[in-house]
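Given next are the chains, with one letter for each unit.
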Amino acid sequence: MSNAPVLILLGPPGAGKGTQARMLEEDFGLVQLSTGDMLRAAVAAGTEAGRRAKSVMEAGQLVSDEIVLAILKDRMAQPDMARGIILDGFPRTDGQAAALDALLAANGQKVTAAVSLEVDDEAMVGRVSGRYACGSCGEGYHDQFKQPAHAGTCDKCGGAAFKRRADDNAETVRERLKAYHAQTAPLIAYYEGKGVLARIDAMGPIAEVRQALSSIVGQVAA
Ligand code: ADP
Ligand code: ZN
C-alpha cells in the first residue's frame with residue numbers, strides 16, 4: 001500500500017470532518033477511518049475497550065492513546081487500506097501523531113496531507129447540539145440546518161430509524177472543544193512543520209467546503 005494516500009482531517013467537533021470524509025470516500029474511493037465511530041462500535045459491542053471508553057466519551061474527554069491505538073492498528077491491518085485512507089478524528093494527541101508516523105514508516109509510507117477545517121468555536125456548539133444521523137446508512141441531519149426532505153425518512157436510503165450521539169449536548173460539546181484546543185490543535189503546527197498542512201475555511205455550506213477539500217485532495221489522490 002505504499003503509494004496509497006494518507007489524509008488527515010483536523011478540526012474541532014462539529015467542523016464537519018465526518019461529513020466531508022464520507023464525501024471524499026465517494027469522490028475519490030478512499031476509506032474513511034473514524035476513531036470516534038470505532039469507539040462507539042466498541043461501546044455498543046460491550047468489549048473491554050468499549051467499557052473503558054464509555055464514561056470518558058460521555059464526559060467529552062479523550063480516550064487513552066493505548067485504547068485508541070489498539071483499535072486503529074487492528075483496522076489498519078485490513079486489506080482495504082490499500083485504497084488510501086482519510087483519518088477522521090485521529091490523531092488527536094502528540095503521542096497518536098508519533099505512533100501514526102511510526103506505523104506508516106513501517107510500511108514505507110507517510111502522511112500525504114493534513115487538512116485543518118477552520119471554524120468558530122461558538123458556532124460548533126449549535127452545529128453539534130442539533131445533529132443526528134440515519135441509523136441505517138449514517139447520513140447526517142440537523143434539527144435546524146438539514147432535515148430530511150420527507151419527515152422521518154432518510155433521503156439517502158429510505159431508512160426510518162435515526163440516532164443521536166450521547167455526547168452531542170451543549171455541555172459535553174464545550175468539554176470536547178476544550179480537549180481539542182489543549183490536546184489536538186497543536187498538531188496543526190506539527191503537520192505544518194512537515195510541509196503537509198493545508199487550511200480551509202469550514203464555516204460555509206457543506207458543498208463549498210467539499211469543493212475546497214476536493215481540489216486539495218485531487219492533487220494528491222487523483
Ligand atoms: P467529534 O470530532 O465530533 O468530537 P468523534 O466521533 O471524532 O467526534 O469523537 C467522539 C469522542 O470519541 C471524543 O470526544 C473522544 O472521547 C473519543 N475519541 C475519538 N477519537 C479519539 C482519539 N483519536 N483519541 C482519543 N479519543 C478519541
Ligand atoms: Zn439512510
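To keep things clear, this report deals only with the structure shown in the data block. (Residues numbered from 1 in each chain as written. Chains lettered and ligands numbered in written order. Predicted model: local features only at pLDDT ≥ 70, side-chain atom pairs only at ≥ 80, totals over all residues. Heavy atoms only, no water.)

## A word on the nonpolar core
Residues Leu33, Leu87, Leu100 and Tyr191 are the most contacted members of the largest nonpolar core, which totals 31 residues. Secondary-structure elements contributing two or more residues to this core are strand 1 (6-10), strand 2 (31-34), helix 2 (35-45), helix 3 (48-58), helix 4 (65-76), strand 3 (85-88), helix 5 (94-105) and helix 8 (186-193). At 6 residues, the largest contribution of residues to this core is made by helix 4. Each residue touching Tyr191, except ones within four places of it in the same chain, is listed here: Ile8, Leu10, Pro91, Ala97, Leu100, Val111, Ala114, Val196 and Leu197. Judged by nonpolar contacts, the second largest core, of 24 residues, contains Leu9, Ala21, Val115 and Ile200. (Core = buried A, V, L, I, M, F, W, Y, C linked by side-chain atoms within 4.5 Å. Buried < 20%, exposed > 50% of the residue type's maximum accessible area, 1.4 Å probe, protein only. Helix = DSSP H or I, 4+ residues; strand = E, 2+ residues; numbered from the N terminus. Contact = heavy atoms within 4.5 Å.)

## Let's talk about the pairing of strand 3
By the alternation rule, side chains of strand 3 split into Ile85 and Leu87 and Ile86 and Asp88, which are all buried. In terms of strand pairing, strand 1 meets strand 3 through 4 bridges, oriented parallel. The residue bridging Ile8 from the neighbouring strand is Leu87, located in strand 3. (Pairing = 2+ DSSP bridges.)

## Description of the coordination of the zinc ion (ligand 2)
Every protein donor of the zinc ion (ligand 2) is listed here as Cys134 (SG), Cys137 (SG), Cys154 (SG) and Cys157 (SG), and their distances to the metal cover 2.3 to 2.4 Å. Here the zinc ion (ligand 2) is ringed by 4 donor atoms whose angles at the metal span 102 to 115 degrees, and the overall shape comes out tetrahedral. Donor residues for the zinc ion (ligand 2), ordered by position in the chain, follow C-x2-C-x16-C-x2-C. Placement of Cys134 in strand 5 (residues 131-134) and of Cys154 in the loop between strand 6 (140-142) and strand 7 (162-163) is noted, with a sequence separation of 20 residues between them. (Donors = N, O, S within 2.8 Å, 3.2 Å for Na, K, Ca; no water. Tetrahedral: all angles 85-135°; square planar, octahedral: opposite > 155°, others 65-115°.)

## Notes on the side chain of Gln96
With respect to the helices, strands and loops of the structure, Gln96 is situated in helix 5. By relative accessible area, Gln96 is classed as buried at 3%. Excluding anything up to four places from it in sequence, Gln96 contacts Asp65, Val68, Phe90 and Pro91.

## Focus on the sheet that holds strand 6
Taken together, 3 strands build an open sheet; the order of strands is 6-5-7 and the sheet is antiparallel. Whereas interior strands pair on both sides, the edge strands pair on one side only; in this sheet they are strand 6 and strand 7. Pairing of strand 5 with strand 7, which is carried by 2 bridges, proceeds in the antiparallel orientation. Paired with Cys134 across the bridge in strand 7 is Phe162.

## Details of the pattern of salt bridges
In this structure the tally under the stated criterion is 22 salt bridges. In this structure, Arg52 engages Glu66 in a salt bridge whose closest nitrogen and oxygen atoms are separated by 3.4 Å. Here the residue Arg52 occupies a position in helix 3, and Glu66 occupies one in helix 4, the gap between them amounting to 14 residues. Relative accessible area serves as the criterion here: at 39%, Arg52 is assigned to the partly exposed category. Ionic pairing is found between Lys156 and Glu139, a salt bridge with its closest N-O pair at 3.6 Å. In this pair, Lys156 sits in the loop between strand 6 and strand 7 while Glu139 sits in the loop between strand 5 and strand 6, placing the two residues 17 residues apart along the sequence. A residue is classified by how much of its surface remains accessible, and Lys156, at 46% relative accessible area, is partly exposed. Because the salt bridges share partners, they merge into one network encompassing Arg22, Glu26, Asp27, Glu139, Lys146, Lys156 and Arg210. (Salt bridge = Lys/Arg side-chain N within 4 Å of Asp/Glu carboxyl O.)

## What to know about empty space enclosed by the protein
Using the criterion set out here, one finds 1 cavity of 30 Å³ or more in the structure. When its volume is computed, the largest cavity comes out at roughly 50 Å³. Within the residue set of the lining of the largest cavity, elements represented by two or more residues are strand 1 and helix 7 (170-184). Counted by class, the lining of the largest cavity contains 5 nonpolar, 3 polar and 2 charged residues. (1 Å grid on protein atoms, 1.4 Å probe; cavity = no way out; pocket = protein on both sides within 12 Å on 5 of 7 lines; lining within 4 Å. Points joined across faces, edges and corners; volume = space filled by probe spheres on them. Nonpolar A, V, L, I, M, F, W, Y, C, P; charged D, E, K, R; others polar.)

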